[in-house]
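A closer look at the structure
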Amino acid sequence: MARLPSYVSRAMEAWKDVSGTAGQSASVVLAGDPRLVGLAQQQFSAGGTLPGSWVRPLAELSTFSSVPGEVLVVFARPEEEGEVLDALAHANPKGKAIVAVDEGPDATNRAKYPGNRCIRLSFANTPAGWGRLFGLCAEAAGEHAAALGRRYPALRSAAADRVITRTSGQNALIGLAFFVPGADLPAMTLNQAKMALSVASIYGEDLNKERVVELAAIVAAGFGLRAAARHLSRSVPGIGWVVKAGTGYAATMAMGKGAVRYFEKGAPASTSRVVGLVGSLRH
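1. So, the overall build of the protein chain
What the protein chain contains, in helices and strands, is 10 helices and 6 strands. The proportion of buried residues among the 283 residues of the protein chain is 47%. Contacts in the protein chain between residues at least 24 apart in sequence constitute 63% of all its contacts with a sequence separation of at least 6.

Now the structure itself:
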């Protein structure tokens, strides 16, 4: 029996791995300022699920309990920030909390990390403010980011960006760590395949075997990109490892963005379309 091409084998392996985590759950719970909670319910539920709400006093946030993948978003006025952070410091959640401090015109959209499981955001009710909050929700969800984007279509772009950026960083590190020519290919390819499947799940695609055909096209494009990287690294003695790391990052980022465009368009059957989208991002 003929062996499958390497990129198809990697696609199948990734499909099996990611399918095993397809049942992950993730959710958003809103608390704090009633006006902003009301606005947040509209923002988060666009095209999807209405987030939960926690209506008890802020001081009782110390009793809040969550599960992995559950993100608590607390909207607070500047004068309430200390109380909220203190209460959360005494809580023992398994998920993470985001404290969106309403600073109006003075907001910077910058995030700080006052605790292991807490993110403080300088927030304003503006498109940029909501966009930044969505991005932090995907970050706070961690390994559950794909599940979060799948449940809340408003968070799809933020969740996909998170998955793509994380995978690109991983492949850059793989490029730095492997010095034997070609030894990095299996690890990078598997990461890229898993990333593409995660993006598919974020955009509501079933993780069935039909997806493997499209996925294989994305992975095959990655083989071409890495072959070019190996040639370039050999032609630049002494810093080839830098070239490999940079190309590992850039190629993975390009493939991720190509996958997003593909699934945004409803995943048409032509695999050449996937390769074309990836190719358009290489230049």
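2. Structural notes on the pattern of salt bridges
Enumeration according to the criterion identifies 7 salt bridges in this entry. In this structure, Asp 33 and Arg 77 form a salt bridge, with 3.7 Å as the shortest nitrogen-oxygen distance. Residue Asp 33 is found in the loop between strand E1 (27-32) and helix H2 (34-44), and its partner Arg 77 is found in the loop between strand E3 (70-76) and helix H3 (81-89); the two are separated by 44 residues along the sequence. Since its relative accessible area comes to 13%, Asp 33 is described here as buried. We note a salt bridge from Glu 81 to Arg 120, for which the minimum N-O separation is 3.0 Å. On the criterion of sequence distance, the pair formed by Glu 81 in helix H3 and Arg 120 in strand E6 (residues 118-123) is long-range, its members being 39 residues apart.

3. Details of H3
For H3, the complete set of buried residues consists of Glu 81, Val 84, Ala 87 and Leu 88. Along the long axis of H3, the arc covered by the buried residues comes to 135°, so they all point the same way. On the buried face of H3, the contacting elements are E3, strand E4 (96-102) and E6.

4. A few points about the packing of aromatic side chains
Scanning all chains against the criterion turns up 6 aromatic pairs. Relative to Phe 263, the ring of Tyr 262 lies with its centre 5.0 Å away and its plane at 70°, an arrangement referred to as edge-to-face. You can call Tyr 262 buried: its relative accessible area is 0%. The structure contains a cluster of three or more aromatic residues connected by ring pairs, namely Phe 75, Phe 123 and Trp 130.

5. Re the packing of H2 against helix H4 (residues 127-141)
For the pair H2 and H4, interaxial distance at closest approach is 12 Å and the crossing angle is 75°. As summarised for this structure, H2 and H4 are arranged roughly perpendicular, according to the angle between their axes. Only Trp 130, Leu 133, Phe 134 and Cys 137 of H4 make contact with H2, whose side of the interface consists of Leu 36, Leu 39, Ala 40, Gln 43 and Phe 44. Split by residue class, the contact of H2 with H4 holds 8 nonpolar, 1 polar and no charged.

6. A short note on the nonpolar core
Core analysis: the largest hydrophobic core is formed by 28 residues, its most contacted members being Phe 44, Phe 75, Ile 98, Leu 133 and Cys 137. Sorting the residues of this core by element identifies E1, H2, E3, E4, E6, H4 and helix H5 (145-151) as the ones contributing at least two each. Ranked by residues supplied to this core, first place goes to H4 with 8 residues. Non-local contacts of Cys 137, meaning those with residues more than four positions away in its chain, are made with Phe 44, Val 71, Val 73, Ile 98, Leu 148 and Leu 155. Among the nonpolar cores identified, the runner-up in size contains 18 residues, and Ala 145, Ala 251, Met 255 and Val 260 belong to it.

7. Considering the sheet that holds E4
Strand order in the open sheet formed by 6 strands is E2-E1-E3-E4-E6-E5, with mixed pairing between adjacent strands. Single-partner strands in this sheet number two, and they are strand E2 (52-54) and strand E5 (111-115). Strand after strand, the sheet turns through a mean of 25° between neighbouring axes, direction not considered. Sheet analysis places E4 next to E6, joined by 6 bridges and oriented parallel.

8. Notes on the confidence of the model for the protein chain
Mean pLDDT for the protein chain: 79, with 69% of residues reaching 70 or above. Segment residues 1-5 is flagged for pLDDT under 50; beyond a separation of four residues in sequence, or across chains, it makes 1 contact in the model.

9. Looking at the pairing of E4
In terms of residue burial, E4 counts as a mostly covered element, since 5 of its 7 residues are buried. Sheet topology places E3 next to E4; 6 bridges connect them, and they run parallel. Within E4, the residue paired with Val 71 across the bridge is Lys 96.

10. Considering the pairing of E1
Summarising burial for E1: 5 of the 6 residues are buried, a large majority. Where E1 meets E3, 6 bridges bridge the pair, whose relative direction is parallel. Considered in E3, the bridge of Gly 32 is made with Phe 75. One ladder, built from 3 bridges, connects E1 with E2; its direction is parallel. Residue pairing for E2: Ala 31 is matched across the bridge by Trp 54. Each parallel crossover has a hand, and the one from E1 via H2 to E2 is right-handed.

Cut-offs used in this document
Residues numbered from 1 in each chain as written. Predicted model: local features only at pLDDT ≥ 70, side-chain atom pairs only at ≥ 80, totals over all residues. Heavy atoms only, no water. Helix = DSSP H or I, 4+ residues; strand = E, 2+ residues; numbered from the N terminus. Buried < 20%, exposed > 50% of the residue type's maximum accessible area, 1.4 Å probe, protein only. Contact = heavy atoms within 4.5 Å. Salt bridge = Lys/Arg side-chain N within 4 Å of Asp/Glu carboxyl O. Arc of directions from axis to C-beta. Phe/Tyr/Trp six-rings, centres within 6.5 Å; stacked < 30°, edge-to-face > 60°. Axes fitted to C-alpha atoms, helices over the stretch in contact; angles between N-to-C directions. Parallel < 35°, antiparallel > 145°, perpendicular 65-115°, else oblique. Nonpolar A, V, L, I, M, F, W, Y, C, P; charged D, E, K, R; others polar. Core = buried A, V, L, I, M, F, W, Y, C linked by side-chain atoms within 4.5 Å. Pairing = 2+ DSSP bridges. pLDDT = per-residue confidence, 0-100. Right-handed = clockwise from strand over helix to strand, strands pointing away.

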